[in-house]
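# Architecture at a glance
Below are the chains, spelled out letter by letter.
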Amino acid sequence: MTEYNFDEIIDRSGHHSAKWGAVDAGCLPMWVADMDFRSPPSAISAMIERTEHGVFGYTLDPPKLKDVIVERMSRLYDWEISPDDVLFSPGMVLALAAVCRGFGKPGDAVLIQTPVYGSFFKAVTNNQKFTYNLDMTYVADGAHHFHYECDYEAFEMAAREAQTSIHLQCNPQNPAGFIYPRHELERIGEICLENNVLIVADEIHSDLILEGKHIPIATLSDEIAQHTLTMIAPSKTFNLAGMACSVLIAQNKDIRRTMAAALQSISAHVNIMGYEAAYGAYSGGEEWLRQLLLYLKDNRDYAIEFIREHMPQVKTTIPQSTYLLWLDMRDLPIEGDAAAFCIERAAVAPTGGSFFGSAGQGFVRLNFGCPRSVLEDGLQRLKVAVDSLAVSV
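What this report covers is the structure whose coordinates are included nearby. What you are looking at is a predicted structure, and each value in this text was computed from that prediction instead of being measured.

Reading the values: rules and limits
- Per chain, residues are indexed from 1 in the order of the written sequence.
- For this predicted model, a pLDDT threshold of at least 70 governs which residues receive local features, and a threshold of 80 or more governs which side-chain atom pairs are given and counted, while totals over whole chains, interfaces and linings are taken from all residues.
- Think of the side-chain values as coming from all heavy atoms in the structure, minus any hydrogens and water.
- Secondary structure is summarised from DSSP: a helix means a run of H or I of at least four residues, a strand means a run of E of at least two, and numbering begins at the N terminus for each.
- A 1.4 Å probe rolled over the protein chains alone gives each residue an accessible area, and that area as a share of the maximum for its type sets the label: buried under 20%, exposed over 50%, partly exposed in between.
- We call two residues contacting when some pair of their heavy atoms lies within 4.5 Å.
- The accessible surface values rely on the Shrake-Rupley method and a 1.4 Å probe; as for residues, cover is taken only from the protein chains in view.
- Asp and Glu are treated as the negative residues and Lys and Arg as the positive ones, with His and the ends of the chain left uncounted.
- Just so you know, the charge point we use is NZ for Lys, CZ for Arg, CG for Asp and CD for Glu.
- We define a polar contact as two N or O atoms separated by no more than 3.5 Å, with the added condition that, inside protein, one atom must be a possible hydrogen donor and the other a possible acceptor, whereas residues neighbouring each other in sequence contribute only through side-chain atom pairs.
- Any two strands are treated as partners once DSSP identifies two or more bridges connecting them.
- The axes are straight lines fitted to the C-alpha atoms, using for helices just the contacting stretch, and the angles between their N-to-C directions are given from 0 to 180°.

### Some thoughts on the overall build of the chain
A tally of regular secondary structure across the chain gives 14 helices and 15 strands. Oriented by its inertia axes, the alpha-carbon framework of the chain measures out at about 65 × 55 × 35 Å. Per-residue burial over the chain gives 56% buried out of 393 residues. Across the chain, the fraction of contacts at a sequence separation of at least 24, relative to all contacts at a separation of at least 6, is 75%. Roughly 16,700 Å² of accessible area belongs to the chain as shown, and the carbon and sulfur atoms make up 51% of that amount. Positive and negative side-chain charges in the chain, numbering 31 and 50 respectively, have mean positions lying 3 Å apart.

Right, dumping it as structure tokens:
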């Protein structure tokens with residue numbers, strides 16, 4: 001069995017990395033959901049083999065990729081889909097924009113539970129709709145941790161509004177990292193069905209499960225499946241975000257046709273290497289992923305324990321999924337923005353909480369998808385910065 005070295009430090013300078021290029025020299029980037037690990041050899045080999053063919057013309061959706069996705073959904077979730085149910089998009093953010101362009105009417109509301117991935121807001125407002133934001137309830141778990149709970153009475157009231165036509169759901173949740181349990185998914189599905197609200201399920205982190213089990217909302221019933229568009233991708237799972245290949249699953253042919261037309265209207269096509277990387281990852285990357293998840297869980301536990309011991313004023317979630325840790329920094333005597341404090345005083349760049357909506361003010365999201373030595377460096381830098389606050393007060 002091959003052992004993969006996730007401790008390897010890979011120099012990403014000089015390769016136009018958005019993650020590393022967006023920060024000043026000496027600042028440690030721990031922001032965008034982009035891991036600092038080499039992608040699985042099966043994905044790299046698939047791209048090399050395609051490169052050696054030497055001809056890079058226009059490309060059709062590859063049947064072999066659809067087949068491996070169908071097999072994967074059956075194996076992981078007992079979800080029986082057909083190749084015809086699968087569409088491709090050059091990225092999930094673009095697909096979200098296409099959804100808001102293609103479904104509903106101008107001026108409709110899109111129901112979102114916040115804090116949530118910031119591109120949800122842009123996809124809605126840039127396509128003649130408005131967001132109906134429902135802040136989840138912050139619940140403290142002792143002195144050091146917290147979680148969120150959903151207000152489903154408010155959710156139902158919002159879904160009943162005549163203008164509400166779409167619900168954008170994020171499961172596993174970004175930035176908090178929790179997995180929706182079955183009973184909550186069932187309630188969401190029932191409410192959306194009763195009010196004819198399309199469910200658009202962002203399940204892009206569904207392969208990155210550290211503990212628990214992911215349930216695709218479309219697997220709950222045939223009725224919910226017929227009312228759902230599911231989005232997954234190899235990008236987060238196998239660190240292939242730059243290859244821009246996302247997977248859309250719609251078992252309702254009308255939803256599928258509308259989505260395909262919306263993508264076609266903006267000439268949204270996956271490139272050759274995106275297809276090959278996705279196929280290589282899905283067909284041969286399982287052992288790599290298994291070892292990655294063990295490494296990520298160890299990193300998560302290390303980060304949580306370090307923060308609890310050395311920065312007790314900072315509260316954290318305990319993510320069941322993703323490689324993202326959501327930090328509540330509101331108890332620190334910081335003047336101004338929490339992310340700016342991290343950048344200016346610690347030379348660590350997390351994602352600022354405001355990206356996730358107004359419910360994220362005073363929070364930051366920290367990416368622990370990196371070699372342990374990098375994580376240790378980043379946390380130590382944050383500790384020194386937080387300690388300096390105590391001295392200066």
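### What to know about the side chain of Thr114
Relative to the helices and strands, Thr114 resides in strand β3 (residues 109-114). Accessibility expressed as a relative area gives 2% for Thr114, which makes it buried. A distance of 2.4 Å separates polar atoms of two side chains, one belonging to Thr114 and the other to Asp135. With near-sequence residues (within four places) excluded, Thr114 lies in contact with Phe121, Asn133, Leu134, Asp135, Met136, Phe356 and Ala359.

### Examining the sheet that holds strand β7 (residues 164-170)
Spatially, β2-β10-β9-β8-β7-β3-β4 is the arrangement adopted by the 7 strands of the open sheet, whose pairing is mixed. If you trace the sheet from one side to the other, it starts and ends with β2 (86-89) and β4 (130-135), each paired once. Each neighbouring strand pair of the sheet contributes to a mean axis angle of 25°, computed without reference to strand direction. When β7 meets strand β8 (residues 198-202), the two strands line up parallel, connected through 5 bridges. Paired with Cys170 across the bridge in β8 is Asp202. Relative to β2, helix α3 (residues 63-77) is tilted by about 115°, and along the sheet it contacts β2, β9 (228-232) and β10 (246-249).

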